[in-house]
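Notes for the structure review
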Amino acid sequence: MLKALFFDMDETLCDTLGANEQAKRLMGASLVEQFEGRCDGQAVAAAYVSGIYREWTDEQRARYLPIIEQQGESAFRLQLIRDLLQQQGIDNVSDEAVQALQQAFDNDRLAAFDFYPGIREFLAQARKLFTLVVITNGPEFSQVPKVEAVRLAEHVDHIIIGGQEPEQKPARSIFEKALRLAGCKAHEAIHVGDSLAADIAGAQHSDISSVWIQHQQPLDAELGINPQHRLLHPSEIPALILGLHQNNLDAV
């Protein structure tokens, strides 16, 4: 019997990519205006988003990891902006200007951050049937504001933020915590997420059934990661989950 639903947040419940694109567009336009066309604003904004998602070269990894470990996420993001501007030949940018760019990006992203259509209503319906737990990877710096932006705590029973835990997905420990919070066993839960490596592999290694939100991603059979269910888009989540619930009732 299915008792609990575990969800990833970004690109599963919420349209993070859409919010990123909006913030990136506005950041690029602001850079062009602020520096009077002396830099490729959209290129800087795109590189900034790649950087905060840890899409680093080996050189960037060696540069930024110590900053994160010693000074924190905010210091890293400010340095990233400085470095990207320097690559465009723009030096001697004030601390205030760099902080304003970083804060504007965050504000714009949060303003655009929201559930996919129909998900808020689905959570209200599903919460009457199951215990709902969100398990989201990422630093506290970025995940907590997103959680607050959609008032996620009003829609689910528990929220686990990877950056606040000893380990993040796909670690078994974070799924075990979700099971404890939900008060159920692995075979009584199902995890829904868009990342094969984090969500589906993590659920699989914890003996939890999984639903993969595929978006435009290919399934790499060589990885040996096999979701029990596959959906093309989050809009398909309600029909699948409610169908599974009905099957449970019919089997009783």
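Structural notes, computed from the coordinates. (Residues numbered from 1 in each chain as written. Predicted model: local features only at pLDDT ≥ 70, side-chain atom pairs only at ≥ 80, totals over all residues. Heavy atoms only, no water.)

Bringing helix 2 (residues 41–52) into the picture now. Taking 1.5 Å of rise per residue, the twelve residues of helix 2 would be expected to cover 16 Å, and the 17 Å separating its terminal C-alpha atoms lies within 8% of that figure. Listing the buried residues of helix 2 in full gives Gly 41, Val 44, Ala 45, Tyr 48, Val 49, Gly 51 and Ile 52. Angular distribution of buried residues about the axis of helix 2 spans 160°; they occupy a single face of the element. The elements touched by buried residues of helix 2 are helix 1 (16–34), helix 4 (73–87) and helix 5 (95–112). Positive backbone phi, approximately 65°, marks Arg 54, located one or two places after helix 2. (Helix = DSSP H or I, 4+ residues; strand = E, 2+ residues; numbered from the N terminus. Expected span 1.5 Å × (residues − 1). Buried < 20%, exposed > 50% of the residue type's maximum accessible area, 1.4 Å probe, protein only. Arc of directions from axis to C-beta. Contact = heavy atoms within 4.5 Å.)

It is worth spelling out the sheet that holds strand 4 (residues 189–193) at this point. Across the sheet, six strands lie side by side as 3-2-1-4-5-6; this open sheet has parallel pairing. If you trace the sheet from one side to the other, it starts and ends with strand 3 (158–161) and strand 6 (229–231), each paired once. For this sheet, the mean inter-axis angle between neighbouring strands, taken without regard to orientation, is 20°. Of the strand pairs in this sheet, strand 2 (residues 131–136) and strand 3 are connected by four bridges, and their pairing is parallel. Residue Val 134 lies in a different strand from strand 3, and its bridge partner there is Ile 159. (Pairing = 2+ DSSP bridges. Axes fitted to C-alpha atoms, helices over the stretch in contact; angles between N-to-C directions.)

Most of strand 2 sits out of view: five of its six residues are buried. The pairing of strand 1 (residues 4–7) with strand 2 spans four bridges and is classified as parallel. From the neighbouring strand, Leu 5 faces strand 2, where its bridge partner is Leu 132.

Another point: unusual backbone geometry. With omega at 20°, the peptide bond leading from Lys 169 into Pro 170 counts as cis. Note that Pro 170 resides in the loop between strand 3 and helix 8 (172–182). Its identity as a non-glycine residue notwithstanding, Glu 36 has a phi of 50°, on the positive side. Residue position: Glu 36 is located in the loop between helix 1 and helix 2. Glu 36 gets classed as exposed once you look at its relative accessible area, which sits at 70%.

Take the pattern of salt bridges next. Going through the model one piece at a time under the given rule, you end up with 14 salt bridges. Arg 54 is the salt-bridge partner of Glu 73, the closest N and O atoms lying 2.7 Å from each other. With Glu 73 in helix 4 and Arg 54 in the loop between helix 2 and helix 3 (58–71), this residue pair connects regions lying 19 residues apart in the sequence. By relative accessible area, Glu 73 is classed as buried at 9%. Here Asp 83 makes a salt bridge to Arg 63, at a shortest N to O gap of 2.6 Å. Note that Asp 83 is positioned in helix 4 and Arg 63 in helix 3, a separation of 20 residues in sequence. The class for Asp 83 is buried, based on a relative accessible area of 8%. (Salt bridge = Lys/Arg side-chain N within 4 Å of Asp/Glu carboxyl O.)

Turning next to the nonpolar core. Among the nonpolar cores identified, the biggest contains 31 residues, and Leu 5, Phe 7, Leu 13, Leu 123, Leu 152 and Ile 237 are the most heavily contacted of them. Among the secondary structure elements, those contributing two or more residues to this core are strand 1, helix 6 (119–126), strand 2, strand 4, strand 5 (209–213) and helix 10 (237–251). When neighbours within four sequence positions are excluded, Leu 123 is seen to be in contact with Phe 7, Leu 13, Phe 115, Leu 132, His 155 and Val 156. (Core = buried A, V, L, I, M, F, W, Y, C linked by side-chain atoms within 4.5 Å.)

Where helix 4 contacts helix 5, the axes come no closer than 9 Å and their chain directions differ by 110°. Classified by the angle their axes make, helix 4 and helix 5 are roughly perpendicular. Between helix 4 and helix 5 lies a crossing whose hand is right-handed. Seen from helix 4, the contacting residues are Arg 77, Leu 78, Ile 81, Arg 82 and Leu 85; seen from helix 5, they are Asp 95, Val 98, Gln 99, Leu 101, Gln 102, Asp 106 and Arg 109. Residues that form the contact of helix 4 with helix 5 fall into these classes: five nonpolar, two polar and five charged. (Parallel < 35°, antiparallel > 145°, perpendicular 65-115°, else oblique. Left-handed = near helix turned anticlockwise from the far one by under 90°. Nonpolar A, V, L, I, M, F, W, Y, C, P; charged D, E, K, R; others polar.)

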